[in-house]
2 protein chains.
Amino acid sequence: MKIAIAGSGALGSRFGYMLYEAGNDVILIDKWKEHIDSIRENGLIVQDGNNRKIVNIPIFYPHEVAEEVDLVFVFTKSMGLQDMLEDIKPILRENTSVISLLNGIGHEDILKEYLPVKNIFMGVTIYTSGLKGSGHVIFEGSGTIEIQNFTPGDREEKKALQLVGMLNQAGFKAYYSEDVTHSIWRKACVNGAMNAICALLDCNLAEFVSTNQAEMIIRHIAKEFVKVAKEKGTILDENDIVEYILQSSRKVGSHYPSMHQDLIQNHRLTEVDFLNGAVARMSKELGFETPYNTFITQLIHAKEQIIMDE
Amino acid sequence: MKIAIAGSGALGSRFGYMLYEAGNDVILIDKWKEHIDSIRENGLIVQDGNNRKIVNIPIFYPHEVAEEVDLVFVFTKSMGLQDMLEDIKPILRENTSVISLLNGIGHEDILKEYLPVKNIFMGVTIYTSGLKGSGHVIFEGSGTIEIQNFTPGDREEKKALQLVGMLNQAGFKAYYSEDVTHSIWRKACVNGAMNAICALLDCNLAEFVSTNQAEMIIRHIAKEFVKVAKEKGTILDENDIVEYILQSSRKVGSHYPSMHQDLIQNHRLTEVDFLNGAVARMSKELGFETPYNTFITQLIHAKEQIIMDE
């Protein structure tokens, strides 16, 4: 099985390494020059707790890859997905499966432009990892992966089950999901209620959730996610999600969500268009308004411009 | 005419000084110990351009004042108005007039709790001044004052005209307004569209207004102000206000609005409840929602708590 990891940052490197170690024919794809140079010269350095290993996995710029592949994992930033797919078009065969474990909603709308829907597989993962500079990936604890075929069908379901088997063989805890769309929406709602607000207020999860306003704000945002998800065929339980967000945010404490890291710490563009922005866009298409998510998206984009212009 | 200045910070000191110099019997009231000590020991230092003058105007803590007065100017922060009125109850006679030139909306609801509506006078001013430390006020350019009686009536209108005359005699450019409520709402809408956003995004007026999102955000906020104002009997022109905000914000450039100064620079509570918060509260009372102003108010209050807890 020839596998391409399209976007080989922290999480992509982790998946690429584990699939490679399990005996698959893996190539990494990325655009970050220092990262590519480092892996080509010194190999990919993998650190898992006290274990450190160096592996020589081929890595390419998107425009360099030519050989067709059987399977693509997309691990770009959400807003980099379209460009990546455009670049790797030549390696997508008629039967190449593409699996997205990206956070947020709306990725399938982009994937559909580049491959037949029967080849799309969607999932959610709570695996994470970090980069200690270019070419050096650090595993962060364990996780799980849920996967499901995007379109119903025996053949598609069989393929999804094969993917699950392959991931388990590579040491992941993966399972087939009967309703991955629910899991994707639920995770997006959790992220959508906290990430952008922590970026806007420049605070961590615990600081925000300890304010008197937090529950009201979270509920406003979640209510709109629930409404749009319902129109899209996914039933979310508002009270359950709000309660989960409040409790988990208190527990994880001083964690700064990724959008805070991107925007405030690293002055980079955010993935807001695949969280709150997706809800705003979808509600507009559906003919109603989601003012809270619309406003958050506008504020984050305004802040991006202010920070980039500095 | 015995006049009390309730809240003798930057602008209160300017009014107190000018009315005192014009021959009125003026007392200052404030709660800031260093300011009071400094004025009692060294007098109030007044700087207007290159002119510097020292005057001995009596200054009191709110609980110290005992003698009844004819006229009170309230120049507290909006959220300090209620406490101040509670403290100075003893000096309010049956006929004591109170005039508010405070920014924002909803002050009349507080004033009504402490005096007969016939004694309330409302106004708007664009005079400003600053404090160079305790006891030292600096005039900042010129301005205008609009005043009107809060309730219709010949007697009330006559009183408002007397106030205008007194202010002009003291060197202000004051005039009687036929519709001061319109001016108050319009100014509040302008402030409400910009101040909180600049505080949230930590930017100045020009930076915010130069983003692609600015016009949409400003319009959302203004639309809700217009709707609530209309229900309250004041007709605002949305397009006119949005255009004014965009043009004036580009012109004044690198100015940080007062809410940014309060919250971000000085880590103090803001007056948001008398701008966006007042619109949110009034719309709720009227039975409809103003999500943009509600959300802004919640975000600002969350940020206040996060900053105060640090």
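Conventions and cut-offs
- Residues numbered from 1 in each chain as written.
- Chains lettered and ligands numbered in written order.
- Predicted model: local features only at pLDDT ≥ 70, side-chain atom pairs only at ≥ 80, totals over all residues.
- Heavy atoms only, no water.
- UniProt positions renumbered as here; feature names shortened; annotations may be inferred.
- Buried < 20%, exposed > 50% of the residue type's maximum accessible area, 1.4 Å probe, protein only.
- Helix = DSSP H or I, 4+ residues; strand = E, 2+ residues; numbered from the N terminus.
- Axes fitted to C-alpha atoms, helices over the stretch in contact; angles between N-to-C directions.
- Parallel < 35°, antiparallel > 145°, perpendicular 65-115°, else oblique.
- Left-handed = near helix turned anticlockwise from the far one by under 90°.
- Contact = heavy atoms within 4.5 Å.
- Nonpolar A, V, L, I, M, F, W, Y, C, P; charged D, E, K, R; others polar.
- Pairing = 2+ DSSP bridges.
- Salt bridge = Lys/Arg side-chain N within 4 Å of Asp/Glu carboxyl O.
- Polar contact = N/O pair within 3.5 Å; in protein donor to acceptor, adjacent residues only side chain to side chain.
- pLDDT = per-residue confidence, 0-100.
- Domains from an automatic or database assignment.
- Buried area = accessible area lost by both parts, 1.4 Å probe.
- Least-squares fit on C-alpha atoms with pLDDT ≥ 70 in both.
- Phe/Tyr/Trp six-rings, centres within 6.5 Å; stacked < 30°, edge-to-face > 60°.

An unreviewed UniProt entry annotates chain A as 2-dehydropantoate 2-reductase of Virgibacillus chiguensis. A UniProt comment under Sequence similarities (unreviewed entry) is attached to chain A, and it reads "Belongs to the ketopantoate reductase family." Word for word, the UniProt comment on chain A under Pathway (unreviewed entry) is "Cofactor biosynthesis; (R)-pantothenate biosynthesis; (R)-pantoate from 3-methyl-2-oxobutanoate: step 2/2."

1. Here we look at unusual backbone geometry
Positive phi is not limited to glycine here, since Asp-202 of chain A has a value of about 50°. Asp-202 of chain A sits in the partly exposed class, given a relative accessible area of 38%.

2. Quick word on the UniProt feature "domain: Ketopantoate reductase N-terminal" (unreviewed entry) in chain A
With numbering matched to this structure, UniProt assigns "domain: Ketopantoate reductase N-terminal" (unreviewed entry) to residues 3-150 of chain A. Across residues 3-150 of chain A, helical content stands at 24% and strand content at 38%; the span's end C-alpha atoms are separated by 19 Å.

3. Overview of the side chain of Thr-96 of chain B
Relative to the helices and strands, Thr-96 of chain B resides in strand S7 (residues 92-100). Take Thr-96 of chain B: its relative accessible area is 1%, and that puts it in the buried class.

4. A short note on the packing of helix H8 (residues 214-231) of chain A against helix H12 (residues 291-309) of chain B
Contact geometry of H8 of chain A with H12 of chain B gives a least axis separation of 10 Å together with a crossing angle of 140°. By the angle between their directions, the pair H8 of chain A and H12 of chain B is classed as oblique. Along this stretch, H8 of chain A crosses H12 of chain B, giving a crossing that reads as left-handed. Facing H8 of chain A, whose interface residues are Met-216, Ile-217 and His-220 of chain A, H12 of chain B presents Phe-295, Gln-298 and Leu-299 of chain B. Class assignment for the residues of the contact of H8 of chain A with H12 of chain B results in 4 nonpolar, 2 polar and no charged.

5. Digging into the sheet that holds strand S7 (residues 92-100) of chain A
Residues and elements named next belong to chain A. Ordered in space as S5-S2-S1-S6-S7-S8-S11-S12, the 8 strands form an open sheet in which the pairing is mixed. Because the sheet does not close on itself, it has two edges, and the strands there are strand S5 (59-60) and strand S12 (174-176). Sheet topology note: the strand S1 (residues 2-6)/strand S2 (residues 25-29) ladder contains 5 bridges and is parallel. Within S2, the residue paired with Lys-2 across the bridge is Asp-25.

6. Describing the sheet that holds strand S5 (residues 59-60) of chain B
All names here are of chain B. Read from one edge to the other, the open sheet built from 8 strands follows the order S5-S2-S1-S6-S7-S8-S11-S12, with strand pairing classed as mixed. Two strands in the sheet have a free side with no partner beyond their single neighbour: S5 and strand S12 (174-176). Examined bridge by bridge, S7 and strand S8 (residues 120-125) share 3 bridges and lie parallel to one another. Bridging from a neighbouring strand, Ser-100 pairs with Met-122 of S8. Across the sheet, helix H6 (residues 180-201) is in contact with S8 and strand S11 (145-149); its angle to S8 comes to roughly 50°.

7. Considering the interface of chain B and chain A
Tallying the contact residues gives 26 residues for chain B and 26 residues for chain A. The interface formed by chain B and chain A contains 0 salt bridges. The tally of links from chain B across to chain A stands at 4 residue pairs in polar contact (both at pLDDT 80 or more). Of all the secondary structure elements, the ones that give two or more residues to the side of chain B that touches chain A are H6, helix H7 (205-209), helix H8 (214-231) and H12 of chain B. Counted by class, the side of chain B that touches chain A contains 14 nonpolar, 9 polar and 3 charged residues.

8. Description of the confidence of the model for chain A
Residues and elements named next belong to chain A. Per-chain confidence: chain A averages 95 in pLDDT, with 100% of residues scoring 70 or above. For chain A, per-element mean pLDDT is lowest for strand S9 (residues 128-131), which scores 88, and highest for H8, which scores 98. Across the predicted assembly, pTM comes out at 0.91 and ipTM at 0.88.

9. Observations concerning the domain arrangement of chain A
Residues and elements named next belong to chain A. Partitioning chain A into domains gives domain 1 (2-176) and domain 2 (180-309). Placing a centre on the C-alpha atoms of domain 1 and another on those of domain 2 gives a separation of 25 Å. Listed per partner, the contact involves 18 residues of domain 1 and 19 residues of domain 2. A combined buried area of about 1,500 Å² lies between domain 1 and domain 2, and 62% of that area is made up of carbon and sulfur atoms. Area buried by domain 1 at its contact with domain 2 is led by Lys-77, Met-79 and Ile-105, which between them contribute 40% of it. Our enumeration of links across domain 1 and domain 2 arrives at 2 salt bridges. Notably, a salt bridge pairs Lys-77 with Asp-262, separated by 2.9 Å at the nearest N-O pair. Summed over the shared surface of domain 1 and domain 2, the result is 7 residue pairs in polar contact (both at pLDDT 80 or more). Secondary-structure elements contributing two or more residues to the side of domain 1 that touches domain 2 are helix H4 (107-111), strand S8 (120-125) and strand S11 (145-149). At 4 residues, the largest contribution of residues to the side of domain 1 that touches domain 2 is made by S8. Its residues assigned to classes, the side of domain 1 that touches domain 2 comprises 7 nonpolar, 8 polar and 3 charged.

10. Digging into the relation of the copies chain B and chain A
Rotating chain B by 179° about the axis while translating it 0.0 Å along that axis superimposes it on chain A, leaving an RMSD of 0.1 Å. Overall, the copies show the geometry of a two-fold rotation axis. By residue overlap, the copies meet face to face through one surface: 100% of the interface positions of chain B are interface positions in chain A.

11. Some points on the packing of aromatic side chains
Counting across every chain of the model gives 19 aromatic pairs over all chains. With a centroid separation of 4.7 Å and 45° between ring planes, the pair formed by Phe-15 of chain B and Phe-75 of chain B is classed as tilted. You can see Phe-15 of chain B sitting in helix H1 (residues 10-21) and its partner Phe-75 of chain B sitting in the loop between strand S6 (69-74) and helix H3 (81-88), a full 60 residues away along the chain. Judged by centre distance (4.3 Å) and plane angle (20°), the ring pair of Phe-15 of chain B and Phe-172 of chain B falls under stacked. A residue pair is termed long-range when its members are at least 10 positions apart, and Phe-15 of chain B in helix H1 and Phe-172 of chain B in the loop between helix H5 (154-169) and S12 qualify at 157 residues. By the burial criterion, Phe-15 of chain B is buried, and Phe-172 of chain B matches it. A network of ring pairs unites the aromatic residues Phe-15, Phe-73, Phe-75, Tyr-127 and Phe-172 of chain A as a single cluster.

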